[in-house]
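Observations on the model geometry
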Amino acid sequence: QVHLVESGGGLVQPGGSLRLSCRASGINFRLYALNWYRQATGKQRELVANIASDGSTTYTDSVKGRFTISRNNVWNTVSLQMNSLKPEDTAAYYCNVRACGSEFWGRGTQVTVSS
């Protein structure tokens, strides 16, 4: 069974940094693309960043230049380094993978950017 467990959220001031991590189990991790989504209160869930199996990355425009997604195929983790955080980055952040014909989500980790 596939499990995704996020960690690293918290409260940070505007301009600060956080690093989110997601540990995956139950899949051949290195074969799959991994995603970070976020969902702010009252808004739709949006794709923030993606990292393919070959390590290539894509980002939504609002985080380009501030967020960096990376993966470690030894530890089966995908991380999201978030710098220059803004109040509009406040959301629950979710790890996601599409594998074996299904879609899997973690429970999410809350990021709050506020002074």
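Up top is the structure these notes are about.
Conventions we followed
Residues numbered from 1 in each chain as written. Predicted model: local features only at pLDDT ≥ 70, side-chain atom pairs only at ≥ 80, totals over all residues. Heavy atoms only, no water. Helix = DSSP H or I, 4+ residues; strand = E, 2+ residues; numbered from the N terminus. Buried < 20%, exposed > 50% of the residue type's maximum accessible area, 1.4 Å probe, protein only. Contact = heavy atoms within 4.5 Å. Disulfide = S-S within 2.5 Å. Salt bridge = Lys/Arg side-chain N within 4 Å of Asp/Glu carboxyl O. Phe/Tyr/Trp six-rings, centres within 6.5 Å; stacked < 30°, edge-to-face > 60°. Lys NZ or Arg CZ within 6 Å of the ring centre and 35° of its normal.

Position of S79 among the secondary structure elements: in strand β8 (residues 77–82). S79 gets classed as buried once you look at its relative accessible area, which sits at 8%. The contact partners of S79, leaving out residues within four places of it in the chain, are R19, L20, S21, W36, T68, I69 and S70.

Scanning the entire structure with this criterion turns up 1 disulfide. Here C22 engages in a disulfide with C95; their sulfurs sit 2.2 Å apart. Taking the sign of the torsion about the S-S bond as the criterion, the disulfide between C22 and C95, at about -85 degrees, is left-handed. Here C22, found in strand β3 (residues 18–25), pairs with C95, found in strand β9 (residues 91–99); they are 73 residues apart in sequence, far enough to count as distant. Judged by its relative accessible area of 1%, C22 falls in the buried class. Note on C100: no disulfide assigned, nearest cysteine sulfur contributed by C95 at a separation of 15 Å. What makes C100 exposed here is its relative accessible area of 62%.

With that settled, the discussion passes to the pattern of salt bridges. A complete count under the given rule lists 5 salt bridges for this structure. Between E46 and R38 there is a salt bridge; the shortest N-O distance is 2.6 Å. A residue is classified by how much of its surface remains accessible, and E46, at 31% relative accessible area, is partly exposed. The exposure class of R38 is buried, given its relative accessible area of 5%. R66 is the partner of D89 in a salt bridge, and the nearest nitrogen-oxygen pair spans 2.7 Å. One end of the pair, D89, is in the loop between β8 and β9; the other, R66, is in the loop between β6 (57–59) and β7 (67–72), and 23 residues separate them in sequence. No difference in accessibility class separates D89 from R66, as the two residues are buried. Within the structure, one salt-bridge network assembled from shared partners comprises R38, E46, R66 and D89.

Inspection of every chain in the model, using the stated rule, returns 2 aromatic pairs. Of the aromatic side chains, those joined through ring pairs into one cluster are Y37, Y94 and W105. One Lys or Arg, R45, reaches over the ring of Y94 and ends 3.9 Å from the middle of that ring.

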